[in-house]
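# A closer look at the structure
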Amino acid sequence: MAKLKLEDEVLDRLLDILDAHERNTSARAADHERFSYRNRVRIEIETGRDTHITWTVPCRSISQSELRLLVGTVVNQATRCRIDLITVHNSWQTVTGVVEDCRYIQGAQGIHEIAVRFDHLLDPASFSRNAVRTRVLLADDSPTARRLLAQWLKPLNVEVVEVDDGAAAVHAALGEPFDVILMDVEMPGVGGLHAVSMLRSKGYVRPVVAVTALSDPADRERCFQAGFDDFLAKPPSREELARVVQHARPEPLVSTLLHEAEMAPLIDAFVHDLPEHVARLESALATANMHDLAVETRLLKGEAGGYGFEPITVCATALERGLRAGAAPEEVRRLLSQLVRVCLAARPATLGGVARREGASEVVDAGATA
């Protein structure tokens, strides 16, 4: 198996230079789809009928459709290849594709960069943590405030859904999964304090952050007592928003069976159904129905490992033990929150599975509720 002759440190500096040059000069419309992917991969490149050369080489970026990597030889366009990609949890997935482009890197001792176009679209979040899009529900009755926050959130790889009152926020949050809710406290009709109390009463255990012009310590305390997890004074800084988003961003949970092609549709179906499991768990908590909560927890414990999602099994086991031991409500809520978080972090095996789970083939930024 061939390797590049340069030391790893030199190769990493070369990748940095290529990244910087691309950011400064590229005008390709697809640039926003690519994410940093620094890993060593195994690639088999066809050199003739039934013959190939195998390299272990570094790569620098990945998208739904393409991988960019370095090789030590010229590779013609349309050359077939096979690549073993390493996932975020060090399992692997084999993909096939064709060489779309090959360029010589000046002064790099015969090294070329190639772009491989995949035969089938894949989920880049399975390989790059940077590709995980955080889903944010933004609730504020001020269009001006929403526009500003949405603009500041945009560079953080965030999908923003906007609503303009607390009732709409409750309806949206219970209808689809969000990683974090940013909610104004003072809104006409159903305000933020009432809205977050409603969510908690319905078993909602995901993060909700107060974003408000109220700044008195007593106001902060009221927010926490109502059920908010965090507090941002208006206007929040970009750094504060980034902190909240990064804390809420789920670490992608990838099936350990991703390398088994026949498992892909089964993994996709399991992940697609997880939000419904979460809704049933939260509903059981809201009604203090410990029997249903235990039944749903055991179901996840028994199924998740079979689809390669052992962390879900671990969290479900911890919750089941807590329920059997008669844990306090606060402890049950904490254990359920951990289980919900890993469930919503699970990634499908294919891009089609991502679209099916999210209900669209493209990422959608919803406008404000009229």
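Overview of the structure. Being a predicted model, the structure only gives us computed values, none of them experimental. (Residues numbered from 1 in each chain as written. Predicted model: local features only at pLDDT ≥ 70, side-chain atom pairs only at ≥ 80, totals over all residues. Heavy atoms only, no water.)

To continue, consider the nonpolar core. The biggest cluster of nonpolar side chains holds 69 residues, and the ones touching the most others in it are Ile43, Leu67, Leu69, Leu85, Phe309, Ile312 and Leu339. For Ile312, the residues in contact, after removing those within four places along its chain, are Leu253, Phe270, Leu274, Leu300, Ala304, Leu339, Val342, Cys343 and Ala346. Judged by nonpolar contacts, the second largest core, of 27 residues, contains Ala172, Val185, Ala195 and Phe228. (Core = buried A, V, L, I, M, F, W, Y, C linked by side-chain atoms within 4.5 Å. Buried < 20%, exposed > 50% of the residue type's maximum accessible area, 1.4 Å probe, protein only. Contact = heavy atoms within 4.5 Å.)

Looking now at the packing of helix α7 (residues 264-286) against helix α8 (residues 290-304). As a packed pair, α7 and α8 sit with axes 8 Å apart at the nearest point and diverge in direction by 160°. What the angle tells us is that α7 and α8 run roughly antiparallel. For the element pair α7 and α8, the recorded crossing hand is left-handed. In contact with Phe270, Leu274, His277, Arg280, Leu281 and Ala284 of α7, α8 contributes Met290, Asp292, Leu293, Glu296, Thr297, Leu299, Leu300, Glu303 and Ala304. Residue classes in the contact of α7 with α8 are distributed as nine nonpolar, two polar and four charged. (Axes fitted to C-alpha atoms, helices over the stretch in contact; angles between N-to-C directions. Helix = DSSP H or I, 4+ residues; strand = E, 2+ residues; numbered from the N terminus. Parallel < 35°, antiparallel > 145°, perpendicular 65-115°, else oblique. Left-handed = near helix turned anticlockwise from the far one by under 90°. Nonpolar A, V, L, I, M, F, W, Y, C, P; charged D, E, K, R; others polar.)

In summary, the side chains of a regular strand alternate between the two faces of the sheet. Counting buried residues along strand β8 (residues 134-139), six of its six residues qualify, which places the element largely inside the surrounding structure. Alternating residues of β8 divide into Thr134, Val136 and Leu138 and Arg135, Leu137 and Ala139, and every residue in both groups is buried. Bridging between β8 and strand β9 (residues 158-163) involves six bridges; their strand directions are parallel. Looking across to β9, one finds that Val136 is bridged to Val160. This β-α-β element, β8 to helix α2 (residues 143-153) to β9, shows right-handed connectivity. Two strands pair when backbone bridges link them, and β8 and strand β10 (residues 180-184) are joined in this way by four bridges, in the parallel orientation. Bridge assignment links Val136 to a residue of β10, and that residue is Val180. (Pairing = 2+ DSSP bridges. Right-handed = clockwise from strand over helix to strand, strands pointing away.)

By themselves these figures say nothing about function.
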